[in-house]
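Fold and contact review
Next come the chains, spelled out residue by residue.
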Amino acid sequence: MTTDATRADVTEQALASLRGTADPRLRELLTGLVRHLHDFARETRLTQEEWEHAIAFLTATGRTCTDTRQEFILLSDVLGLSMLVETLNGDRAAGATESTVLGPFHLTESPVRALGDDIDLVGGGERCVVSGRVRSADGTPLPGAAVDVWQADDKGYYDVQQPGVQPAGNGRGLFTTDAEGRFWFRTCVPAAYPIPTDGPVGGLLRATGRHPYRPAHIHFIAAAEGHRPVTTHIFVAGGDYLDSDAVFAVKQSLVEDFTETDDPALAREFGVDNPFRRARFDLVLERTA
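Now for a description of the structure that goes with this document.

Rules used throughout
- Residues numbered from 1 in each chain as written.
- Predicted model: local features only at pLDDT ≥ 70, side-chain atom pairs only at ≥ 80, totals over all residues.
- Heavy atoms only, no water.
- Helix = DSSP H or I, 4+ residues; strand = E, 2+ residues; numbered from the N terminus.
- Contact = heavy atoms within 4.5 Å.
- Salt bridge = Lys/Arg side-chain N within 4 Å of Asp/Glu carboxyl O.
- Buried < 20%, exposed > 50% of the residue type's maximum accessible area, 1.4 Å probe, protein only.
- Axes fitted to C-alpha atoms, helices over the stretch in contact; angles between N-to-C directions.
- Parallel < 35°, antiparallel > 145°, perpendicular 65-115°, else oblique.

Note on placement: Leu15 falls in helix H1 (residues 9-16). The spatial distance from the C-alpha of Leu15 to the C-alpha of Leu30 is 8.5 Å, given a sequence separation of 15 residues. Discounting residues that sit within four places of it in the chain, Leu15 has contacts with Thr31, Val34 and Arg35.

Printed below as a string of C-alpha cells:
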C-alpha cells in the first residue's frame, strides 16, 4: 500500500528509510542531514524555483572543480563551514599550534626542497626568510618532521592560478627538519588576495555584498611520527583584512611579525639582499599517545 507524503509525513518516511543503514555513524550523519534539510525547507518555505536554482548552483560548483581548484572547499570556506568543522575538531594540548583551514589551493605533492631553499622562483616582492622549529608540546625538538609550505606570490596569486606566468611549484616546498627540529626557507612576503570570484562562489559573494579578500598568509602542514599533524597558517601582522577574512580563518595566535632586518652579516648567511624581512614561527605538535 502506498502512503501519501504530507509536509510532515515525508520527513518521517525519509528518516525511516535510513534505519537499515549498517554503519551507525553514517546513519547518524544522514539522519541529521535529512532532518535539518527538511526543517530548512519548511522554515523558509522553499519554492520549487529556488530549489531548482540551488541544484543548478551546486551543479555549477562541481563543474568548476579541477585538479588544481576545489570550488566545493571554497564554498565551504565562505559559508564558514570549513572553519566550524576545524574548530569542532581542533582541540589540542596546551601550547600546541592552533589549526586553521586548508584552503582550495593545496597540492597533494609539493616539490621537495632542501632547508634554506628559495621557494620564490620568480623573484618578486620583498625578500623574506621564514624560520622556526617543529617540536612536541613538551618542548622536545622533532628532527625529521615534514613541513609542507605553500603561499601566494607578492601579487596575491598561486602558481596554479597563473600557468605559463608562474612556474609550477612556485611558492611551494616540502621541507624536512634538521637534527634539532629546525626549518628555514627563503621566499617573498605574500600579499593579501581575493579568493577566486570567476565561479559560482564568486557569484554568491557578489549576491550577498561580501568582499572576497584574504589577509596575507603562508600555509603550513607539519607532521612528525607519534604526533598529530597540524594544518595552519601564519598571517602577516599589520596587514589588511585580518578582521574580515573572507573564510573566517584568522586566529590571533597565528598572526606573526614579518620584521624588517638590517643586518648585512645575517643577510649573507641567509643568502638574501639586505635589508630583508624575517618571520619566526614554531610549529608545536600534540603527541598521539
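Take the pattern of salt bridges next. What the rule picks out here adds up to 17 salt bridges. Between Glu28 and Arg25 there is a salt bridge, with the nearest N and O atoms lying 3.0 Å from each other. Separated by three residues within a single helix, Glu28 and Arg25 lie in helix H2 (residues 24-44), roughly one turn from each other. Among the salt bridges present, the one from Asp282 reaches Arg135, with a minimum N-O distance of 3.4 Å. Pair noted here: Asp282 is in the loop between strand S12 (276-280) and strand S13 (283-287) and Arg135 is in strand S1 (residues 127-136), with a separation of 147 residues, a long-range link. Look at Arg135 and you get partly exposed, because its relative accessible area is 24%.

Running from N to C, helix H3 (residues 48-64) and helix H4 (residues 71-78) cross one another at 125 degrees; their axes reach a closest spacing of 7 Å. Considering the angle they form, H3 stands oblique to H4. Residues Phe57, Leu58, Thr61, Gly62 and Thr64 of H3 pack against Glu71, Phe72 and Leu75 of H4.

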